[in-house]
Amino acid sequence: MIRLLAVALALASAPLARADPAADAARSYRIETDGTTERVAVGKPGKLVLSIVPIQKVHVDPRAPLKITLAATPGVNLSKTSLGKADPVDLKADGRRFEVPFVAEKAGKHEANAKLEFFVCSDSWCVKQVREVTVALEAR
């Protein structure tokens, strides 16, 4: 009887042992840059857009730390180089969308780089994510 109970407990806990919240979290969203002004006239305003888009039943936890560090190649002036949890366009959305104005001060090909640190959560886990994104920009 004890052996049967031990086997039953082992089988019941097996799915929990095989679950990998980190892998599940990494597959549960995508980072998008749709809406970014990829081509802009020199001296005219553009907009860098970063979106954390849930593709499964997850959300970016509004209580958890969220930090985005931004940098651009010389010739592009970003209005902000750091974003936090108060900076999304819609604070109530499951994902997060950030819009950062910029001005290209010099013609040519440029890049904007972002390092995103945030927590993505489901009903059963909450996992820190760190992603880096590079967006190509061109000024004429």
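All values reported here derive from a predicted model rather than from experimental measurement.

### Considering the pattern of salt bridges
- One pass over the structure, following the stated rule, counts nine salt bridges.
- Here Glu-99 ties to Lys-47 by a salt bridge, and the two come within 3.9 Å at their closest N and O atoms. Residue Glu-99 is found in strand β8 (residues 96-104), and its partner Lys-47 is found in strand β3 (residues 45-54); the two are separated by 52 residues along the sequence.
- Measuring nitrogen to oxygen at the nearest pair gives 3.9 Å for the salt bridge that ties Glu-138 to Arg-140.
- Residue classification places Glu-138 among the partly exposed positions, given a relative accessible area of 24%.

### Considerations on the nonpolar core
- Within the largest apolar cluster, 29 residues are counted, with the highest numbers of intra-cluster contacts made by Leu-48, Ile-68, Leu-70, Phe-102, Leu-116, Phe-118 and Val-120.
- Going through the elements one at a time, β3, β5 (67-72), β6 (76-78), β8, β9 (108-121) and β10 (126-139) are the ones with two or more residues in this core.
- Filtering out sequence-adjacent residues up to four positions away, Phe-118 remains in contact with Tyr-29, Ile-31, Ile-52, Val-60, Pro-65, Leu-66, Val-127, Lys-128 and Gln-129.

### Focus on the sheet that holds strand β1 (residues 29-32)
- Taken in spatial order, the four strands line up as β1-β3-β8-β6 in an open sheet, and their pairing is antiparallel. In this open sheet, the two edge strands, each paired with only one partner strand, are β1 and β6. Sheet twist, expressed as the average angle between the axes of neighbouring strands with direction ignored, equals 20°.
- In terms of strand pairing, β3 meets β8 through eight bridges, oriented antiparallel. If you follow Gly-46 over to β8, its bridge partner there is Phe-102.

### Brief notes about the confidence of the model for the chain
- On average, the chain scores 87 in pLDDT, and the residues at 70 or more come to 86%.
- Within the chain, the element-level pLDDT minimum falls on helix α1 (residues 2-18), averaging 45, and the maximum on β5, averaging 97.

Criteria and cut-off values
Sequence positions are assigned chain by chain, starting from 1 and proceeding in written order. In keeping with the predicted nature of the model, local features appear solely for residues at pLDDT of at least 70, side-chain atom pairs appear and are counted solely at 80 or more, and the whole-chain, interface and lining totals rest on all residues. Working from all heavy atoms in the structure, the side-chain values ignore hydrogens and water. A carboxyl oxygen of Asp or Glu within 4 Å of a side-chain nitrogen of Lys or Arg is what we treat as a salt bridge. Per the convention used, a helix needs a DSSP run of H or I reaching at least four residues, while a strand needs a run of E reaching at least two, with both numbered from the N terminus. Three labels apply to residues, based on accessible area from a 1.4 Å probe with only protein chains included: buried if under 20% of the type maximum, exposed if over 50%, partly exposed otherwise in between. Only buried residues count toward a nonpolar core. Its members are Ala, Val, Leu, Ile, Met, Phe, Trp, Tyr and Cys residues joined through side-chain atoms within 4.5 Å. We call two residues in contact whenever any of their non-hydrogen atoms come within 4.5 Å of each other. Here, any two strands with at least 2 DSSP bridges between them count as paired. Every axis corresponds to a line fitted to the C-alpha atoms, with the helix fit spanning only the stretch in contact, and the corresponding angles, defined between N-to-C directions, vary from 0 to 180 degrees. One number per residue, pLDDT, summarises how confident the predictor is, and it ranges from 0 to 100.

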